Amino acid sequence: MSRDFRVLLVCGSFQARSANRAALDVASSYIERAAHVGDEDAKGLGDIPALNMDLGDEKLDAVFGFRRQIEHSDAVLIACPEYAGAIAGGLKNALDWIVGSGELYRKPVAIISAGTGGGAYARAQLVQTLTWQGAHVLAELGIVAPKTKSNEAGQFTDPATITGIEELTRRLLDVRGMSTESRREQVRGVTDSFGIEAGHYAELDV
Ligand SMILES: Cc1cc2nc3c(=O)[nH]c(=O)nc-3n(C[C@H](O)[C@H](O)[C@H](O)COP(=O)(O)O)c2cc1C
């Protein structure tokens, strides 16, 4: 694995004990060069203010940090809970701040949602909003009833779950050296499975 390929891990749950963060921990041990949002003196997603284009730069440290971390990454892995049938609002707000600046444009992304029902609605919405801002969602995974697959400390112990997270991570890392055509096909496989119009795909070769 190339030492230079860097994956940014983004957790949409802000609580200390989190099944989504536990999923990222499994992925992190599989990735050679991983960074979490909030590392390297950047503030975390929870510090990002509600989207308001009128806010002055002095209020946007956390936004600038998030943008910088995405920009300095070759790929992004997002794990996000579903709350009341939708993406956790803190992550959606953070992603909305990236629309105008464009750091996610053509960025390879994989997504996970761990939660009671497996986060099917959160994943559908994540694929849609990421695709609409030009990201290439290469793979996605739902983890149903994570508590039944974890130990007392909240770490995943279920072998099939761990293998599933590693497989998803491998598919994200496989973007290195992937042809434009294969990448388009893989992204289309994900967007088609959620009924997202192909017209939103950000072409690589234009
Ligand atoms: C406010 C709230 C709303 C929730 N809504 C859903 C939901 O719509 N679908 C679901 O599968 N789980 C739902 N859950 C359960 C979460 O999936 C579960 O708490 C999950 O572990 C949260 O992720 P985390 O452990 O990474 O924080 C909800 C939990 C909370 C706190």
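Bear in mind that the values here come from a model prediction, so they are computed numbers and not experimental data. Note on numbering: residues in each chain are counted from 1, in written sequence order. Reporting in this predicted model follows two pLDDT cut-offs: at least 70 for local features of residues, and 80 or more for side-chain atom pairs to be given and counted; totals over whole chains, interfaces and linings ignore these cut-offs and use all residues. No hydrogens and no water enter the side-chain calculation; it runs on all heavy atoms of the structure.

Novice: I'd love a proper account of the sheet that holds strand β2 (residues 34-36), names of residues and values included.
Specialist: Within the open sheet, the five strands sit side by side as β2-β1-β3-β6-β7. Their pairing is parallel. Only two strands of the sheet have a single partner each, and these edge strands are β2 and β7 (136-144). For this sheet, the mean inter-axis angle between neighbouring strands, taken without regard to orientation, is 20°. A pair of strands counts as paired when DSSP detects no fewer than two bridges linking them. Put simply, DSSP H or I for four residues or longer makes a helix, DSSP E for two residues or longer makes a strand, and each gets a number counted from the N terminus. Across three bridges, the pairing between strand β1 (residues 7-11) and β2 is parallel. Here an angle of 0 to 180 degrees is reported between the N-to-C directions of two axes, which are lines fitted to C-alpha atoms, with helices fitted over the stretch in contact.

Novice: Can you lay out the pattern of salt bridges for me, pointing to particular residues and giving the numbers?
Specialist: Salt bridges are counted wherever a side-chain nitrogen of Lys or Arg sits within 4 Å of a carboxyl oxygen of Asp or Glu. Following the criterion strictly, the structure yields seven salt bridges and no others. In this structure, E167 engages R170 in a salt bridge whose closest nitrogen and oxygen atoms are separated by 2.9 Å. Of this pair, E167 and R170 are both found in helix α5 (residues 159-173), three residues apart, which corresponds to roughly one turn of the helix. A salt bridge links R170 to D174; its shortest N-O distance comes to 2.4 Å.

Novice: Report on helix α6 (residues 180-193), specifying residues and quantitative values.
Specialist: Taking 1.5 Å as the rise per residue, α6 with 14 residues should run 20 Å; its terminal C-alpha atoms sit 20 Å apart, in good agreement. When checking whether two residues touch, look at their non-hydrogen atoms; a contact exists if any pair is within 4.5 Å. Contacts made by the buried residues of α6 are with β6 (108-115), α4 (120-132), β7 and α5. Looking at the residues trailing α6, positive phi occurs at G195, about 70°. By definition here, a helix of n residues has an expected span of 1.5 Å times n minus one.

Novice: Report on the layout of surface pockets, specifying residues and quantitative values.
Specialist: Lining residues are those with an atom within 4 Å of a point, where the points come from a 1 Å grid over the protein atoms alone and group into cavities, where a 1.4 Å probe fits but cannot get out, or pockets, open sets with protein on both sides within 12 Å along at least five of seven lines. Grid points are joined across faces, edges and corners, and a volume is the space filled by probe spheres set on the points. One number sums up the size of the largest pocket: a volume of about 550 Å³. Lining the largest pocket are 28 residues, with R17, S18, A19, P146 and K147 sitting closest to its centre. Tallying contributions element by element places helix α1 (residues 19-30) first for the lining of the largest pocket, with five residues. Think of it as three bins: nonpolar holds Ala, Val, Leu, Ile, Met, Phe, Trp, Tyr, Cys and Pro, charged holds Asp, Glu, Lys and Arg, and polar takes everything else, Gly as well. Broken down by class, the residue content of the lining of the largest pocket amounts to nine nonpolar, 14 polar and five charged.

Novice: Run through the site of the ligand, naming residues and quoting values.
Specialist: Nearness of a residue to a molecule or strand requires only that one of the residue's heavy atoms be within 4 Å of it. If you check the shell around the ligand, you find 14 residues, and the closest are S13, S18, N20, G85 and G117. One of the side-chain nitrogen or oxygen atoms of N20 is found 2.8 Å away from an oxygen atom of the ligand. Think of it this way: if more than half of a molecule's atoms are within 2 Å of a pocket's grid points, that molecule is in the pocket or cavity. Its atoms largely coinciding with the cavity grid, the ligand occupies the largest pocket. Looking at the shell around the ligand, the elements with two or more residues in it are α1, β4 (82-83) and β6. Here the residues of the shell around the ligand sort into five nonpolar, eight polar and one charged. The term polar contact refers here to a pair of N or O atoms within 3.5 Å; inside protein, the definition further demands a hydrogen-donor-capable atom paired with an acceptor-capable atom, and it admits residues adjacent in sequence only when both atoms are side-chain atoms.

Novice: A description of the side chain of S73 should follow, citing residues and the corresponding values.
Specialist: Relative to the assigned elements, S73 resides in the loop between α2 (61-71) and β3 (75-79). Each residue is assigned to one of three classes by its accessible area relative to the maximum for its type, calculated with a 1.4 Å probe on protein chains only: buried under 20%, partly exposed between the two thresholds, exposed over 50%. Residue S73 is classed as buried on the basis of its relative accessible area of 3%.

Novice: Go over the state of the cysteines, please, and point to the residues and values.
Specialist: Criterion for a disulfide: a pair of cysteine sulfur atoms at a distance within 2.5 Å. Inspection of every chain in the model, using the stated rule, returns zero disulfides. Cysteine C11 is unpaired, with the sulfur of C80 as its nearest cysteine sulfur at 7.9 Å.

Novice: I'd like a rundown of the pairing of β6, residues and numbers included.
Specialist: In terms of burial, β6 is largely enclosed, as eight of its eight residues are buried. Both faces of β6 are covered, namely the face carrying P108, A110, I112 and A114 and the face carrying V109, I111, S113 and G115. With four bridges joining them, β3 and β6 adopt parallel strand pairing. Its bridge partner lying in β6, I78 is registered against I111. Note that β6 and β7 share eight bridges and pair parallel.

Novice: Could you give an account of the nonpolar core, naming the residues involved and the relevant values?
Specialist: To form a nonpolar core, buried Ala, Val, Leu, Ile, Met, Phe, Trp, Tyr and Cys residues must be joined to one another through side-chain atoms within 4.5 Å. V10, F66, I78, L91, L104, L126 and L130 are the most contacted members of the largest nonpolar core, which totals 31 residues. Not counting the four nearest positions on each side in its chain, L104 is found in contact with I70, V76, L95, I98, V109, L130, Q133, G134 and A135.

Novice: Tell me about α4, residues and numbers included.
Specialist: With 13 residues, α4 extends 18 Å from end C-alpha to end C-alpha; this agrees with the ideal 18 Å at 1.5 Å per step. Among the residues making up α4, those that are buried are A122, R123, L126, V127, T129, L130 and T131. Residue G134 follows α4 closely and has a positive phi angle near 95°.

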